[in-house]
Amino acid sequence: MTSPKTSGMKAVSVTIRTEKELLLARVLNDRQQLQIYAGSVAEVGAQAQTPGCMLALDGTQTGITLSGGTKITAPKCTVSSNNTVTVPCGTTISAIGVNYNSAAAPTQPCSGISGPNGTAAVIAKKSTADPLAGNTAVTAAVARIATVAGLSKTTAPTAPTSVTGTSIAFAYNANSTQNQAIALGCTASYSDSTWTLNCGNKTTVNIGNITIGGGINLNFATSGAATTVYNISGDVTTSATTKFGPGIYNFAKTLTTAGTTTFGAGTYNFGKQVTTAGTTTFGAGTFNFAKGLTTGGGATTIFGAGTFKIGISDSTCSSTAKVSLCNTSTLTFGGPSTFELPGGFINTGGATLTFGSGTSNSYKVGPGSNGDAITLGGGSKTVMADASSSGVFQVVGNVNGGGGGSCFVIPATAQHDIQGNFIASGAILLGAGVYTVDGYFALGGSGGGSASCGGSTISVSGTDVTLVLSGKAKSSSGSCSGYVFCVAAGYSNIVLTAPQTGTTAKLAVIGPTSTSITAGATFAEGGSNAQISGAFYFPYGPIIMNGGSSVLGSTTDTTKCLQMIGSRITLSGGTTAASECIAASGASASSKVSLVQ
């Protein structure tokens, strides 16, 4: 029979009838027997458990609301609302149970609520507690926001002191060049359009201007000692083929390369901007750029592994901002390396930028003059090698992957600290770890979507990743406007998989946990087939899906589940939300017998 208490539950009715012979009552009347009757009803089977895999927490908001051909599929868990559940004609909820806590039962004029495989769903009136309230892992993850908010950018390195020295011109007047070399305490020889400067094992060489004539090749102290200090007070421009040997180089003014220029391993201190063209190669070492590094169009620039401290330039990069590093071509830093860029970097449209190699890199990136720490142009490729063995990933400023068709590979490291917003229009490969974003996370607010990245075509992909969002700022762009988390504008097939072990196990996205921040999350404008495995948690913000978007857990691993928790959950315009397995908080249904009448 149907339970008289809980809709959709089956019950067993037991009735006991017996008769008792009367003795004393016969004195008063002729009744000889008393009929005794008892009945009870017990619910049998699986009662809907809370909190389930989809939960609308706020009892003052609209609970769970569907419209316009939408559906929720949760065949092994419950859908719970602390207020209403609205399922109009053309929409469906398929779940093992539906919990509501409004005065009226769920609205379903076309019987849109059902259980798995066409069975009856268990519909129960009950209050559902926040399953992650007081969770120690959530509390610890959110606490790091204060640390990120307190980060400050690194300072630019100090420019080398300009030391007066003898100028030397490498040209076709052999006597003049050789005499200038002698004045420096060096020797110079000329053969087949190539000058060779040899300074032996001198401790210090002080040079004024270095001039290289057209068509002249130069071997500058290529056999010199690694401990020799070269103080160069004037501007230096290379041409043809130029080779610098090992040593400690202090360039007080600008360095501009052209042709093929090679620098040996050593320490390099630059007082003014460095601009590379042609093919420029530096050996491993320590590099201090007081006023920025810029690569020219068509250039190939390669650095060996080392420590790189690059101050902000005095010139604007690509009409966008003044930054520490402006790449317009192909730039590669070997690794493992340490990077400090207090003015951030721009990788312009179509350019390729590679930071480090291996797993022991470290990154501290500050803001450019426009507040963005990382700016990616359309079609660019930016790869940052892992910092998982040691090192940090700290960004002060916005991450602005605003270029459609771009590829951005972010390093794996335990903590990704971003004091700013994370904005993307291209493909993003998120390295494993926790991303603490003191702002918002928006994909596709200004267009964009999938691109070739990391060996395959992706939109956004991250394994063993947890996003923690402060919501200090909200997006103001397109369909993302007003939200803290946004997937829009064709960002289909995103994959976010929470760690299965560790401090943030089964936590995929943690939204603002302060009652004063009520901005939520949205999946919009064709942001379809999103796979989010883990808890998607916005306790004080709504989760809104529209425009044909869809989100589910893993399509391949039934142990990785989506648990969606918001202040309210609203689906419209052909959207779909699905969780194919029991939620992490324990939404299983266990068999039991309960006396109800």
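Look a little higher up for the structure.
These notes cover the structure that comes with them. (Residues numbered from 1 in each chain as written. Predicted model: local features only at pLDDT ≥ 70, side-chain atom pairs only at ≥ 80, totals over all residues. Heavy atoms only, no water.)

Moving on, we get to the overall build of the protein chain. Regarding its fold elements, the protein chain presents two helices and 60 strands. When the backbone C-alpha atoms are referred to their principal axes, the protein chain occupies close to 150 × 40 × 40 Å. For the protein chain, contacts bridging at least 24 residues in sequence account for 57% of all contacts bridging at least 6. Accessible area for the protein chain stands at about 22600 Å²; split by element, carbon and sulfur atoms hold 51% of it. Of the charged side chains in the protein chain, 27 are positive and 18 negative; the average position of the first set lies 2 Å away from that of the second. (Helix = DSSP H or I, 4+ residues; strand = E, 2+ residues; numbered from the N terminus. Contact = heavy atoms within 4.5 Å. Areas by Shrake-Rupley, 256 points an atom, 1.4 Å probe, with all protein chains shown as cover. Lys, Arg positive; Asp, Glu negative; His and termini not counted. Charge placed at Lys NZ, Arg CZ, Asp CG, Glu CD.)

This paragraph deals with the packing of aromatic side chains. One pass over the structure, following the stated rule, counts 41 aromatic pairs. Taking 4.2 Å as the distance between ring centres and 5 degrees as the angle between the ring planes, the aromatic pair formed by Phe-263 and Phe-282 counts as stacked. Here Phe-263, found in strand E20 (residues 260–263), pairs with Phe-282, found in strand E23 (residues 279–282); they are 19 residues apart in sequence, far enough to count as distant. Residue Phe-263 is classed as buried on the basis of its relative accessible area of 2%. (Phe/Tyr/Trp six-rings, centres within 6.5 Å; stacked < 30°, edge-to-face > 60°. Buried < 20%, exposed > 50% of the residue type's maximum accessible area, 1.4 Å probe, protein only.)

With 111 residues, the main nonpolar core has Ile-93, Phe-220, Phe-333, Phe-345, Phe-422, Phe-485 and Phe-536 as its most contacted residues. Setting aside chain neighbours within four positions, we find Phe-485 in contact with Phe-441, Leu-467, Leu-469, Val-509, Gly-520, Ala-521, Thr-522, Phe-523, Phe-536 and Phe-538. Leu-57, Ile-145, Val-434 and Val-468 belong to the second-largest nonpolar core, a separate cluster that totals 14 residues. (Core = buried A, V, L, I, M, F, W, Y, C linked by side-chain atoms within 4.5 Å.)

This part covers the pattern of salt bridges. Per the counting criterion, the structure on display carries three salt bridges. For the salt bridge of Asp-314 with Lys-291, the shortest nitrogen-to-oxygen distance reads 3.3 Å. Placement of Asp-314 in the loop between strand E27 (306–310) and strand E28 (316–317) and of Lys-291 in the loop between strand E24 (285–289) and strand E25 (293–295) is noted, with a sequence separation of 23 residues between them. Given the relative accessible area of 27%, Lys-291 is considered partly exposed. (Salt bridge = Lys/Arg side-chain N within 4 Å of Asp/Glu carboxyl O.)

A contiguous nonpolar patch, built from Val-12, Val-14 and Ile-16 and spanning about 250 Å² of accessible area, is present on the exposed surface. Mapped onto the elements of the fold, Val-14 is located in strand E1 (residues 10–21). (Patch = residues over 30% accessible without salt bridge, like charges linked within 9 Å, V, L, I, M, F, W, Y side chains within 5 Å.)

Now for the state of the cysteines. In a disulfide, the sulfur atoms of two cysteines are held together by a covalent bond. Using the criterion set out here, one finds six disulfides in the structure. Here Cys-53 pairs with Cys-77 through a disulfide, and the sulfurs are 1.9 Å apart. An S-S torsion of about 65 degrees defines the bridge between Cys-53 and Cys-77 as right-handed. In this pair, Cys-53 sits in the loop between strand E2 (33–46) and strand E3 (54–56) while Cys-77 sits in strand E5 (residues 71–81), placing the two residues 24 residues apart along the sequence. (Disulfide = S-S within 2.5 Å.)

Looking now at the pairing of E27. With five bridges connecting them, E24 and E27 associate as parallel partners. Among the inter-strand pairings, Asn-288 is bridged to a residue of E27, identified as Lys-309. Pairing geometry for E27 and strand E32 (residues 338–341), over three bridges, is parallel. Each residue of the ladder has a partner; that of Phe-308, found in E32, is Phe-339. (Pairing = 2+ DSSP bridges.)

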